[in-house]
Structure formats: structure tokens, C-alpha cells
Amino acid sequence: VTICRANTKYIEREQQNKSYSCSDRTVRDCRAGKGAHVPFEVHIISKMEHAIEITDFDAPELDVYARLTEGQLLNRFEPEKGMFVAETPYVILRALDGGYEPVSILVERGVNRKGAMDVIERCQVPIYVSELEVLTQLTGFKLTRGMLCAMRRPRPRTLEEVLQNQNTLPSEAVARIQWGFRRVVVLEKVMNPTNIGAIFRSAAALGMDAVLLTPGCSDPLYRRCARVSMGTVFQIPWTLLGENWMEELSSRGYKTTAMALTDESYPIDAPELREIDKLAIIMGSEGDGLRDETVAACDYTVKIPMFHDVDSLNVAAASAVVFWELRPR
């Protein structure tokens, strides 16, 4: 074991009872307090009581990352045991900031990504380290930027809890709470994980206060959803709705707006839409859009004016336009 002192922190490295030594330059830099010159691989296994070398793709420690499906991780029959996997250091850090509990970390040996060391420093959990040759057997590993983190699923929030802000929010969102949740997004059976992730990112960036999902939507904590959202699924409040969600929103003072092409649709820039105090923006699936019953039950039907005989946009692209135009003023 070699121990260096850099910026008052002890850094250890060990692998299968072998000893390693730092270069003369590294030792000099450590003594001088220049932690930036310490090789990342020395840093990343600094918590040796947690570091575990993985050399076999079939190792049971990799089951949660390599062999359990999203459905198995969700664990519908025992939700208190549910888990999910976050990918990339940036997304993992946002999950940690949101109060999500880590279970273990899987990291590529020698990875040198911004934020990876911050993840290691903040997590008192087992750290599995493996060579790239082993990890590339994981589907999509190249998109993870060298790091994954298994996390526990929190208890599902109720609609009441979300709308009353009974959850931890990042500081940038706290300022909006004194005004209440004026803009919420309802997604009806949007099943594509990439679209869900992109919608969350636009919702967080463009002033929406919460995202509500009907049965049949893709899970926001699926790997691709969280990654595409750039971690905003851990920032903006969200929950799953029950069957009578339209009545629940109306009873809380929300006017409902269906995004649909009908003869009665308002253009999205109609002045009266901006004046609505509490608005629920309802968007449908990529293929069929909103159900007829949903459109009929809404207070307003709204469309985005288009050109060149184009009659629709991808739901994720449309969401960015809608959220910006109907943001709270």
C-alpha cells in the first residue's frame, strides 16, 4: 500500500495484496500540496475499505448492472426493495444532491472524468473497479463515461406531496415555492425513455414546477431517461398519477390544457393562456397523441402553429416550445 498526502487527504491504493509506488514527481507534488498532479487512478481507489477488484464479467457484484432488467430493479411486488442505476458522474452527482441513497459504484479502472472523484468522495458504499475490457460487455457502457451507481428507489410520492412540495428540492427551485406550483406537466402514456428524459430536461430548464405521469408512461428512473435528462429527473418533482387525475387537478384549481390538433385549438401564443394562474399542460404519446376522452375533458385545447404542411412535432421537441411559451410570467 502506498499512502500520499495531498491537500491534507490520505490517498491509498491497493490491488490483490500488491504494492504500488508513486513517481518521484507525484511524491514531490503531494508534499507540496499539488493534488492536481496525483494520478486519477490513485485518487479513485482512495477508500480502500470499499474498493473491490472485478475481473470476471459473471461476478455476482455485477448482477445489478449487467443482468437485472429494469423491471426486476423496479421490484413492483416489493417496492421498498426497488433500485435503479444512474449513469455518468454528472447524473450521479445530481441524484446525490437530490437525496437519493447510493448502494454501490462501478467504475472503469483509469477513468478520468470530471465529477468522478466527487462521487467517490461522497459515497460510503462498495466501489467495484474493473478494466474496460470487462465493462464493455455491459450494453451501452461507452455512454456511461466510465461510472455507474446503483441506488435505492425512494418511496413514491403522492400527488398531494408533490404539489405541496413535501420533498427536497435544489436551491434554485426553492424560490418558486412561495408562489406555489403554477405550471405542471402531465404526460399521458409517453412510453419512449429518451422522450421522457428530454421532456424532463426541458421542464426543469423552462420553468415547469412538476411532471406528472399517467399509467403507461416510461419510468423516469430508467437509465436512459435519467441520462438523457442530464439528471433533472432528480431535480424537478414528479409522481405517478392515479385513474382520476383530471378531477384531482381540477379540484386543486388547475386549468387543464390538451396539446392536440382540433378545429377548436387555441394557438399556443394566445394571450389568454398566459394569464391563467395555475395551468396543467397535458401531452400525449408519440404515435396516437392524447385520448379523445382526455381532450374532451380539458378546459383548453392548444396547438403549435406550423409551416410547410408539417402537422406534428416529436413530443420532446414540442415540449420545449410549449414550456417556453406557457411558462409562468
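Notes on the structure in this doc start here. Everything quoted here is computed from the prediction, not taken from an experiment.

**Examining the pairing of strand E4 (residues 83-87)**
- Counting buried residues in E4 gives five out of five residues, a clear majority hidden from the surface.
- Of the two faces of E4, the one holding Met83, Val85 and Glu87 and the one holding Phe84 and Ala86 are both buried throughout.
- Judged from the five bridges that link them, E4 and strand E7 (residues 147-152) form a sheet pairing that is antiparallel. Bridged to phenylalanine 84 within E7 is methionine 151.

**A word on the nonpolar core**
- Judged by nonpolar contacts, the single largest core of 57 residues is most densely connected at Leu187, Val211, Phe234, Ile281, Met283, Val322 and Phe323.
- Core analysis: the second largest hydrophobic core is formed by 20 residues, Val184, Trp245, Met246 and Ala260 among them.

**Focus: the sheet that holds E4**
- The five strands are arranged E3-E6-E5-E7-E4 in an open sheet whose pairing can be described as mixed. Here the strands that pair on one side only, and so sit at the sheet edges, are strand E3 (51-54) and E4. Here the average twist between neighbouring strands, direction ignored, is 20 degrees.
- Of the strands in this sheet, E4, strand E5 (102-108) and E7 touch helix H5 (residues 89-97), which is tilted by about 25 degrees from E7.

**Digging into the sheet that holds strand E14 (residues 300-303)**
- With parallel pairing, the seven strands of this open sheet are ordered in space as E10-E9-E8-E13-E11-E14-E12. Lying at the two open borders of the sheet, with one neighbouring strand each, are strand E10 (238-240) and strand E12 (266-267).
- Pairing analysis gives two bridges linking E12 to E14, with the strands arranged parallel. Within E14, the position partnered with tyrosine 266 by the bridge is valine 302.
- With respect to the sheet, helix H15 (residues 315-325) is in contact with strand E8 (183-187), strand E11 (255-259) and strand E13 (279-283), its orientation differing from that of E13 by roughly 160 degrees.

What counts and what doesn't
- Residues numbered from 1 in each chain as written.
- Predicted model: local features only at pLDDT ≥ 70, side-chain atom pairs only at ≥ 80, totals over all residues.
- Heavy atoms only, no water.
- Buried < 20%, exposed > 50% of the residue type's maximum accessible area, 1.4 Å probe, protein only.
- Helix = DSSP H or I, 4+ residues; strand = E, 2+ residues; numbered from the N terminus.
- Pairing = 2+ DSSP bridges.
- Core = buried A, V, L, I, M, F, W, Y, C linked by side-chain atoms within 4.5 Å.
- Axes fitted to C-alpha atoms, helices over the stretch in contact; angles between N-to-C directions.
- Contact = heavy atoms within 4.5 Å.

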